Amino acid sequence: MHQRRTAIDDWVRCIQPEGSLYFLNPVKRIMTDADISRPNILQKINEVANELLRSAGEMVTLHDGVELVIGLVDHGHGNRECLYYFVDHRQQLLFWVHAYKLSNISANVKGVSRMSHMKYAVETQYWRHFELYPNRRKLKAEHHAELKGILIHASTETLTSNTSIAPFDLDEIGRMLDLVDKTEGSIDKQQVYAVYVVARLMRLFTSSRFVNFYGQPEARLNSDQSVYTKLRGQDEAPSSFIRISDLLLFGGPSAHAIELQRVWVDRTVNFPRWKGFISKLSNEWAGFTIYSTVMLAVDVGFLAIPVLGTDDEGTIPAAIISTYMSIIFVVGSLVVSVQLSNGIRGQDTSSAKETAALMLRSTQSMLGTDALAIMYSLPFALLIWGMIFFVLSLALLVFGSEGSVTSATIAPGAIIVGLLAVWPSLGNRGKYIVLHEMWTKSVESFKRLKVLRASTDPNAGQVV
């Protein structure tokens, strides 16, 4: 086995809390992930570091708060590329001595035009540096106090607002606040785990500030607010395809489209809202699965009624055909519910990055998020269609009989129950108000038409 050096001049071997190994030169304030136990790697790192420090010294003053991080990327065949960045702890930023595109660290956020905004993208990388290299650092009191204040504010906002932009829910923020309280005894001490905890949480909340345009004129103050348009998610009009689908799917696509617009704003995901949305969908589909199973049993039992047999000519009654259609739709609802439930399993606990990737793949399709809205509404719509066909088959059985007394007795009750069954659906979706307005406008139009006809009648006003 090849034996490598464990002690290297001027370099200290450090282990990050997650287990990764890196080397620190406390004299020159240099850090590297490269395996400098190999002499050729050590020589390469020292040569690059000396050249970078010389170039940086010609541009800025290298005070004791400046650090250099160097990495080696092996492209194979002995071809290695050196990557680096400088860290200024006094200003909490990163800098380079060569030209560098800040868009590389803008996290695909569009519309970044001010340095006061880009500052938070750079600061996010600064805390990432702290997170990756926390050894031999003291936990500063101001960092601890700032993080605690951020968490208290996020907790208050989440507790009192339904549109909080905090990247975590109330329970998670509470646990974070408890962790930060436990690190208070490590202030001004070289406690690597406390430094790591504070740096990681600061990175997450600083990144949230950057994405939400914190401190900018167009800052996002609500989770469903766009920074590129004045419309909120629920204010955006549904597409024509969604409106057409609503007619066949009982308004389900528009309801899910609004929910998706509130979750997926400016190509970013509000993760607490996403988890609530997925949890709600999972519960709904589980309920539809039970309803579909019950409805399937009812349809099969309905087919066992003797009077539904074929006639002497072998013709299948319309009631049986309607029942067959009901079974098809109910089974479809059951199958779709099971598939969708399996598809979203675990998404409520996945990371925000994975969720954003899922939504991004969906939006790249021809229909965008409309396809998801329609798909998520299928279990409900198919179940309702199955119920409609069952009611139709029952009506054909009852009112298709020759007994007029039976039809006359059942008809009033069926009409009343039908109206009562439709009423909640219209009222809950706001359609009752729309229908009332349409009826009022129709009556007013009819009255105006009568007045107009009376005024143009040549016989109007004459005494006979």
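See the structure printed just above.
These notes cover the structure that comes with them. Here the structure is a predicted model, which is why all the values come from computation and not from measurement.

Definitions and cut-offs
- Residues numbered from 1 in each chain as written.
- Predicted model: local features only at pLDDT ≥ 70, side-chain atom pairs only at ≥ 80, totals over all residues.
- Heavy atoms only, no water.
- Helix = DSSP H or I, 4+ residues; strand = E, 2+ residues; numbered from the N terminus.
- Buried < 20%, exposed > 50% of the residue type's maximum accessible area, 1.4 Å probe, protein only.
- Contact = heavy atoms within 4.5 Å.
- Areas by Shrake-Rupley, 256 points an atom, 1.4 Å probe, with all protein chains shown as cover.
- Pairing = 2+ DSSP bridges.
- Axes fitted to C-alpha atoms, helices over the stretch in contact; angles between N-to-C directions.
- Phe/Tyr/Trp six-rings, centres within 6.5 Å; stacked < 30°, edge-to-face > 60°.
- Lys NZ or Arg CZ within 6 Å of the ring centre and 35° of its normal.
- Salt bridge = Lys/Arg side-chain N within 4 Å of Asp/Glu carboxyl O.
- Patch = residues over 30% accessible without salt bridge, like charges linked within 9 Å, V, L, I, M, F, W, Y side chains within 5 Å.
- Core = buried A, V, L, I, M, F, W, Y, C linked by side-chain atoms within 4.5 Å.

Digging into the overall build of the protein
- Secondary structure assignment for the protein yields 13 helices and eight strands.
- Across the 464 residues of the protein, 36% fall into the buried class.
- A separation threshold of at least 6 residues defines the contact pool for the protein, and within that pool the share at least 24 residues apart is 66%.
- Accessible area for the protein stands at about 27,300 Å²; split by element, carbon and sulfur atoms hold 60% of it.

A short note on the sheet that holds strand 2 (residues 21-25)
- Judged by pairing direction, the sheet is mixed, and its six strands sit side by side in the order 1-2-3-4-5-6 without closing on themselves. Each edge of the sheet is formed by a strand with only one pairing partner; in this case those strands are strand 1 (12-15) and strand 6 (93-95). Each strand of the sheet is rotated relative to its neighbour by a mean of 30°, with strand direction disregarded.
- Here strand 5 (residues 80-88) runs beside strand 6; their pairing, made up of three bridges, is antiparallel.

Here we look at the packing of aromatic side chains
- One pass over the structure, following the stated rule, counts 20 aromatic pairs.
- For the pair Trp96 and Tyr100, a centre-to-centre distance of 3.9 Å together with 10° between the ring planes defines the contact as stacked.
- On the basis of an interplanar angle of 55° and a centroid distance of 6.2 Å, the ring pair of Phe277 and Tyr376 is categorised as tilted. In this pair, Phe277 is assigned in helix 8 (residues 271-303) and Tyr376 in helix 11 (residues 369-399), connecting sequence segments 99 residues apart.
- A relative accessible area of 4% places Phe277 in the buried class.
- Three or more aromatic residues joined by ring pairs make a cluster, and in this case those are Phe250, Phe329, Trp385 and Phe389.
- Sitting over the face of the ring of Phe130, Arg137 holds its NZ or CZ atom 4.9 Å from the ring centroid.
- For Arg209, the ring lying beneath its charged end belongs to Tyr214, and the centroid distance is 4.3 Å.

Quick notes on the pattern of salt bridges
- Overall, the coordinates contain 16 salt bridges when judged by the stated rule.
- Between Glu58 and Arg54 there is a salt bridge, with its nearest N and O atoms 2.9 Å apart. Pair noted here: Glu58 and Arg54 are both in helix 1 (residues 39-59), with a separation of four residues, about one helical turn.
- We classify Glu58 as exposed; its relative accessible area is 59%.

Notes on a nonpolar patch on the surface
- A cluster of nonpolar side chains, contributed by Ile290, Tyr291, Val294 and Val298, occupies part of the molecular surface with about 380 Å² of accessible area.
- Within the secondary structure, Val294 sits in helix 8.

Thoughts on the nonpolar core
- Core analysis: the largest hydrophobic core is formed by 59 residues, its most contacted members being Trp11, Ile36, Leu52, Leu68, Ile70, Tyr84 and Phe86.
- The dominant element in this core, judged by the number of residues it contributes, is helix 5 (residues 192-211), at eight residues.
- Ignoring anything within four residues of it in the chain, the contact list for Phe86 reads Leu52, Leu53, Ala56, Val66, Glu67, Leu68, Leu93, Leu94, Phe95 and Val97.
- In terms of nonpolar packing, the next biggest core, distinct from the first, is built from 29 residues, Val263, Phe277, Phe288 and Phe390 among them.

Observations concerning unusual backbone geometry
- Located in the positive-phi region is Gln92, a residue other than glycine, with phi close to 55°.
- Within the secondary structure layout, Gln92 lies in the loop between strand 5 and strand 6.
- Gln92 gets classed as buried once you look at its relative accessible area, which sits at 19%.
- Unusually for a residue other than glycine, Asp188 sits at a positive phi of about 65°.
- As for its placement among the helices and strands, Asp188 is situated in the loop between helix 4 (170-182) and helix 5.
- The exposure class assigned to Asp188 is exposed, which follows from its relative accessible area of 53%.

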